[in-house]
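The lines below spell out each chain.
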Amino acid sequence: MSIAPRIAVGVIILFHAVGLVGLSLPATRPLFLQVAPWHLLLMLLTIVFGHYKLSGRFGIFILVVFWLGFLAEWIGVHKGWLFGNYAYGTTLGVKMLDIPLMIGVNWFLLVYSAGVTMQRSGLKNGFVRVVTGAGLLVLLDVLIEPVAIKFNYWQWTTGSIPLKNYACWFLVGAVILYVFELFSFKKQGIAAPALLITEFVFFGALNLVI
């Protein structure tokens, strides 16, 4: 059973708006940071049930993206081969092997949203869609990084964000977007692009107020 696109978009905008206000106010910030993992889970449910024609194949895609993202983060944290030298804080909740489980969820949300946005963009060439989508993810990460550091999502051991991080975001994003292309889902609704746009607005606004 899928939920109507307009309802999904409404949920996405409403909860990001509430989160933006809550995180902007010092008095309510600790509470809203505590519920950050639950916010990601809500977005996961919204996007999953907003997918056109739910199927086992879509479930496999979710698991593949989750574990690809988780593996990339494990390599980054434990080997330093991807992204740079960093460690996760406590904000994103329960960890496995020092990696928050929610980070796999986040990779799915971002890649799926970028993939559907590219799917709906009218770009005919799959390579161009992958490269453009990966570029969008890097631009979003530019906005995410200062907020993530401020709110203890993760911390860089060097004290600054290395350029390697953005190069690897592009690489990992492109690989997983290629997986999205391989699954060849039928054209999806507006929920995923709405989430991507809302994330840009959400993190852009937080950069201005925190």
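In this text the structure is predicted, and so the values were computed from the model without any measurement.

A. Summary view of the overall build of the chain. Within the chain one finds eight helices and four strands. Start at the N end of the chain and walk to the C end: the helices and strands fall as α-α-α-α-β-β-β-α-α-β-α-α. By the compact-globule yardstick of 17 Å for 210 residues, the chain fits well, its C-alpha radius of gyration being 16 Å. For the C-alpha atoms alone, the extent of the chain along its principal axes is close to 40 × 35 × 30 Å. Relative to its full complement of 210 residues, the chain shows a buried share of 47%. Taking as baseline every contact in the chain between residues at least 6 positions apart, the subset at least 24 positions apart corresponds to 79%. Element-wise, carbon and sulfur atoms account for 73% of the exposed surface of the chain, whose accessible area totals about 10200 Å². In the chain, the 13 positive side-chain charges and the 6 negative ones have mean positions that sit 12 Å from each other.

B. A look at the packing of helix α6 (residues 126-150) against helix α7 (residues 163-183). In the contact formed by α6 and α7, the axes pass within 8 Å of each other and the chain directions differ by 135°. On the basis of their axis angle, the class for α6 and α7 is oblique. In this structure, α6 meets α7 at a crossing whose hand is right-handed. Facing Gly-126, Arg-129, Val-130, Val-131, Gly-133, Ala-134, Gly-135, Leu-137, Val-138, Asp-141, Val-142 and Glu-145 of α6, the residues of α7 in contact are Asn-165, Tyr-166, Trp-169, Phe-170, Gly-173, Ala-174, Leu-177, Tyr-178 and Glu-181.

C. Expanded view of unusual backbone geometry. Phi is positive for Leu-97, close to 55°, though the residue is something other than glycine. With respect to the helices and strands, the residue Leu-97 is situated in the loop between β2 (95-96) and β3 (99-100). Of the residues examined, Leu-97 reaches a relative accessible area of 54% and is grouped as exposed. A positive phi is found at Asn-152, a non-glycine position, where the angle reads about 60°. By secondary structure assignment, the location of Asn-152 is in the loop between α6 and β4 (154-156).

D. Expanded view of the packing of aromatic side chains. Summed over all chains, the structure comprises 22 aromatic pairs. By the ring-pair criterion, three or more aromatic residues cluster together here, those being Phe-58, Phe-61, Phe-108, Tyr-112, Phe-180, Phe-183 and Phe-185.

E. Representation of α6. Helix length check: α6 (25 residues) gives 36 Å between terminal C-alpha atoms against 36 Å at 1.5 Å per residue, within 8%. Listed as buried for α6 are Arg-129, Val-130, Gly-133, Ala-134, Leu-137, Val-138, Leu-140, Asp-141, Ile-144, Glu-145, Val-147 and Ala-148. On its buried face, α6 sits against α5 (101-120), β4, α7 and α8 (191-209). Asn-152 sits one or two residues past α6 and shows a positive phi near 60°.

F. A look at the side chain of His-51. The topology assignment puts His-51 in the loop between α3 (36-49) and α4 (56-78). Look past the residues within four positions of His-51 in its chain and what remains in contact with it is Ser-2, Phe-58, Tyr-112, Phe-185 and Gln-188.

Rules of the game
Along each chain, residue indices are assigned from 1 in the same order as the chain's sequence is written. The predicted origin of the model limits local features to residues at a pLDDT of at least 70 and limits the giving and counting of side-chain atom pairs to 80 or more, whereas totals for whole chains, interfaces and linings rest on all residues. Processing note: side-chain calculations cover all non-hydrogen atoms of the structure and skip hydrogens and water entirely. A run of DSSP states H or I qualifies as a helix once it reaches four residues; a run of E qualifies as a strand once it reaches two. Both are numbered from the N-terminal end. In this setup the radius of gyration rests on C-alpha atoms only. A globule is expected at 2.2 Å times the number of residues raised to 0.38. Using a 1.4 Å probe on the protein chains alone, a residue whose accessible area is under 20% of its type maximum counts as buried, one over 50% counts as exposed, and one in between counts as partly exposed. Pairs of residues are marked as contacts when any of their non-hydrogen atoms sit within 4.5 Å. All accessible areas in this document rest on Shrake-Rupley with a 1.4 Å probe, and a residue is counted as covered only by the protein chains that are shown. Neither His nor the chain ends is counted toward charge; the positive residues are Lys and Arg and the negative residues Asp and Glu. To locate a charge, take NZ of a lysine, CZ of an arginine, CG of an aspartate or CD of a glutamate. For helices, the fitted line uses only the C-alpha atoms of the stretch in contact; every axis is such a line through C-alpha atoms, and the angle between N-to-C directions lies from 0 to 180 degrees. Working definition: roughly parallel below 35 degrees, roughly antiparallel above 145 degrees, roughly perpendicular at 65 to 115 degrees, and oblique for all remaining angles. Take the far helix as the reference: if the near one is turned anticlockwise from it by less than a right angle, the crossing is left-handed, and if turned clockwise, right-handed. When the centres of two rings from Phe, Tyr and Trp lie within 6.5 Å, Trp using its six-membered ring, the rings pair. Their planes under 30 degrees apart give stacked, over 60 give edge-to-face, and anything left gives tilted. Under the convention used throughout, the expected extent of a helix is 1.5 Å for every residue step, that is, one less than its residue count.

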